[in-house]
Each structure stands twice: as structure tokens, then as C-alpha cells.
Amino acid sequence: MKIRLSMAFAAAMMFASAGAYAQAPITIKFSHVVAPDTPKGKGAERFKELAEQYTDGKVKVEVYPNSQLYKDKEELEALQLGAVQMLAPSLAKFGPLGVREFEIFDLPYIFQSKDDLRKITDGDVGKSLLAKLEPKGITGLAYWDNGFKVMSANTPIHTPDDFLGLKLRIQSSKVLEAQMKALDAVPQVMAFSEVYQALQTGVVDGTENPPSNMYTQKMHEVQKHATLSDHGYLGYAVIVNKKFWDGLPADVREQLERAMSEATTYANDIAQKENDDSLAAMKASGKTTFYEPTAEERQQWIDTLLPVHKEMESRVGKDTLEATYKALGR
Ligand code: LMR
């Protein structure tokens, strides 16, 4: 009797826990540092929508924008510890993780167009860069666009001569540091969430960002001048905690891969328009004066910044740089 009762109890417990398992959704916390109304913010929301739909509610995605949970450096640590499952950091922020090769994306004038960029993100170089994350306990899923950057400051910055001594905020990339030094500016690494206040209080004089980030953080309210220099690119790698990802049931992972692939197409399709609209809105506000360099001035920018490639060859890796040039047909 005793045995029969305990068997019945065990069976009931198994049934209860199986039921609980079937009902409790798997939660993906997706943390990021920009506003919801940006290419990345919208991409994250689209992924959430599709992931929940394709997994039929088995997965719940919680998106935390605007550094609500973690700032730049902390979010990578949180991902490795499993406190969050998904991020999309800028490609300029992988250096502190020990994967310096991602900084090829920061080289000034490396891409002349989005077509150039795709040759890297959709090709062997892009794949091999994501593979370098695996030993760090991270799986790379996709590349998402933001766009080409503008330079901003409180004084006109039409040519490289205008940068002497300006304190400029950068992301945590040695290539960006070298770029600012080539302009005779003083680079200062700072978390994205702190940039508005640093500009407002004069801790830094200026910065660089695609228009969508500049506008949604209201940087145009605290920057008098900006130059449409298109001197560099800012984009993202969507990454997940590898242990979490590998531990998902295979069918769920496939559904999430499908959601990610469609969210990637969406995010990359809207990125240019988001930036165009943000630029138009900032111009209309009249707070920042936007300057389009002449062909001669643009050439001065190129002549000043191109030597950064050679200077940073050992940082980004000779092989990676050569493979990048080859893929770009240079
Ligand atoms: C920055 O720190 O300027 C950007 O990386 C922010 C972002 O995620 O676009």
C-alpha cells in the first residue's frame, strides 16, 4: 500500500512538473542601449513579435531599451553571465571582450556604400568574425545596420584642421581612438547613455554617430554644428549567450532562427530611411547646422584618415584586413 501510494505520488509530481514545463515560457531578455525608435530598437521589437508568434508563445522576449538594464560594458558581462540572453552591441564594442578584429568596421572610409558593407557582413569575413565569439561563450546570429556617421561639435568642423584639441566622445574602439588622434582631437571613451549629459555640460565638445542615434538621444539640442562626413560606419552584431542558445529545444531554436532572419531583413531595410528621417527632423529643428563638405574638403578628410588603416593593421589583424580588402575588390 505504502509503495503504491508513493508511486502514485511520484507520478503526480512528474505530471505536475511536465505541465508546469509545458506552460512556463522560455524568456529571452534582449537588452540594448539605444531608443526604441531607432533601427536597432525597431529590429528588436520585430524580433520579439516574430519569435513569440513562430514559437506559439513558447518563448517570451522582453526588450529593454535605452540602457535601462545595462550600459555598454556591463551588458556584455551580463550576457556572458547569463543575466540577459540577447544583445546587439555596436561592432565597435567588442575590443574589451578580446575580439579586436571587429574593429575593421570602424576603419575610416573602409566602405563606400552599403553594397561594400554587405560583401563583409554576408561573406566569409563576417562569418569568421562571428565565429571568434564562440570561445567567449557567445553565439553571433546576425549583423544589423545603423548607418554612416556624422561628426558633431559646438564649433564648425568642415575640414580636419578644425578638430585641433577638441574633446570627442568615442565608443570603446582603438581604431576610433586612432581616427580622432589623426584629426588632432582628444578622444574620450564613454558609455552611450552618458553622452547627452557630457555634451550638455561640456565634459566633451563633440562626438560621432549616425543621425538616428544623434536625434533620438537629442544630441542635436546640445551640438551647434555637424558635418555630413560619412567617414565611418556604425552597425551591430546580434549575439546570444551560447549555453542558453545551445540548450534550447531544436525546434524552438529553428523557429527563433527564422524570426531572427526576418527581423534582420526588416532592420536592414528600414535603417537608411530611419537615418534620413532623423537627419531631416534635426535640420528642421534648426538647432544644429549641418554642413556638407565640398569635394576638396572631402578629399582632405580622406587623406588625413586613410593612414589609420595601416596604423591599425596589427590591431585588427593583418589577415582580417587583407581578407576585407580582397572581398571589397581593393
Ligand atoms: C554608441 O555608443 O555610440 C553606439 O554604439 C550606440 C548604439 O548602440 O548604436
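For the structure given in this document, a descriptive report is provided here. Please read all numbers here as calculations on a predicted model, not as lab measurements.

1. Re the sheet that holds strand 10 (residues 233–241)
Point 1. Overall, mixed pairing links the five strands, which are arranged 2-1-3-10-4 in an open sheet. Whereas interior strands pair on both sides, the edge strands pair on one side only; in this sheet they are strand 2 (59–64) and strand 4 (138–148).
Point 2. Across nine bridges, strand 4 lies against strand 10 in antiparallel orientation. If you follow Y143 over to strand 10, its bridge partner there is A237.

2. Comments concerning the site of the ligand
Point 1. Around the ligand sit V33, V34, K40, S90, K93, R169, Q171, F192, N209, N213, L234 and Y236, and that is every residue in its neighbourhood.
Point 2. At 2.7 Å from an oxygen atom of the ligand is found a side-chain nitrogen or oxygen belonging to K40.
Point 3. Between the ligand and the protein, one listed contact pairs an oxygen atom with a side-chain N or O atom of K93 at 2.7 Å.
Point 4. Considering the ligand on its own, with 270 Å² of exposed area, one finds that the protein chains cover 100% of that surface.
Point 5. Of the residues in the shell around the ligand, the class split is five nonpolar, four polar and three charged.

3. Some thoughts on the side chain of Q179
Point 1. Position of Q179 among the secondary structure elements: in helix 6 (residues 174–182).
Point 2. Side-chain polar atoms of Q179 contact the side chain of E208, separated by 3.0 Å.
Point 3. Excluding its chain neighbours within four sequence positions, the residues that come into contact with Q179 are D106, P108, M151, E208, H231, L305 and V308.

4. Let's talk about unusual backbone geometry
Point 1. The phi dihedral of D184 falls on the positive side, at around 65°, and the residue is not glycine.
Point 2. Relative to the assigned elements, D184 resides in the loop between helix 6 and strand 7 (186–189).
Point 3. Even without a glycine there, the phi angle at K218 is positive, about 60°.

5. Re the pairing of strand 5 (residues 150–153)
Point 1. Side chains V150 and S152 project from strand 5 onto one buried face, and the interleaved M151 and A153 project onto a second face that is buried too.
Point 2. Direction of pairing for strand 5 relative to strand 8 (residues 206–209): antiparallel, over a ladder of three bridges. Bridge pairing in strand 8 places V150 opposite N209.
Point 3. Across three bridges, the pairing between strand 5 and strand 9 (residues 225–227) is antiparallel. In the strand pairing of strand 9, S152 is matched with A226.

6. Concerning the environment of K287
Point 1. Here K287 lies in the loop between helix 10 (250–285) and strand 11 (289–291).
Point 2. Excluding residues that lie within four positions of it along the chain, K287 makes contacts with H220, E221, Q223, K224 and M282.

7. Thoughts on the packing of aromatic side chains
Point 1. Counted according to the given criterion, the structure contains seven aromatic pairs.
Point 2. Ring geometry for F111 versus Y233: centroids 6.0 Å apart, planes at 90°, classification edge-to-face. With F111 in the loop between strand 3 (86–87) and helix 4 (114–121) and Y233 in strand 10, the pair connects residues that are 122 residues apart, well separated along the chain. Accessibility classification places F111 together with Y233 in one group, the buried group.
Point 3. Centre to centre, the rings of F163 and W301 are 5.5 Å apart; their planes meet at 90°, and the pair counts as edge-to-face. A residue pair is termed long-range when its members are at least 10 positions apart, and F163 in the loop between strand 5 and strand 6 (167–170) and W301 in helix 11 (residues 295–305) qualify at 138 residues. Side by side, F163 and W301 carry an identical accessibility label, which is buried.

8. Quick word on helix 3 (residues 72–81)
Point 1. The set of residues buried in helix 3 consists of D72, E75, L76, A78 and L79. Down the axis of helix 3, the sector holding all buried residues measures 160°, keeping them to one side. Turned more than 90 degrees off the buried face of helix 3, the exposed positions are K73 and L81.
Point 2. Elements in contact with the buried residues of helix 3: strand 1 (26–31), strand 3, strand 4, strand 6 and strand 10.
Point 3. Positive backbone phi, at 85°, marks G82, one or two positions downstream of helix 3.

Calculation notes
Residues numbered from 1 in each chain as written. Predicted model: local features only at pLDDT ≥ 70, side-chain atom pairs only at ≥ 80, totals over all residues. Heavy atoms only, no water. Pairing = 2+ DSSP bridges. Helix = DSSP H or I, 4+ residues; strand = E, 2+ residues; numbered from the N terminus. Near = heavy atom within 4 Å. Polar contact = N/O pair within 3.5 Å; in protein donor to acceptor, adjacent residues only side chain to side chain. Areas by Shrake-Rupley, 256 points an atom, 1.4 Å probe, with all protein chains shown as cover. Nonpolar A, V, L, I, M, F, W, Y, C, P; charged D, E, K, R; others polar. Contact = heavy atoms within 4.5 Å. Buried < 20%, exposed > 50% of the residue type's maximum accessible area, 1.4 Å probe, protein only. Phe/Tyr/Trp six-rings, centres within 6.5 Å; stacked < 30°, edge-to-face > 60°. Arc of directions from axis to C-beta.

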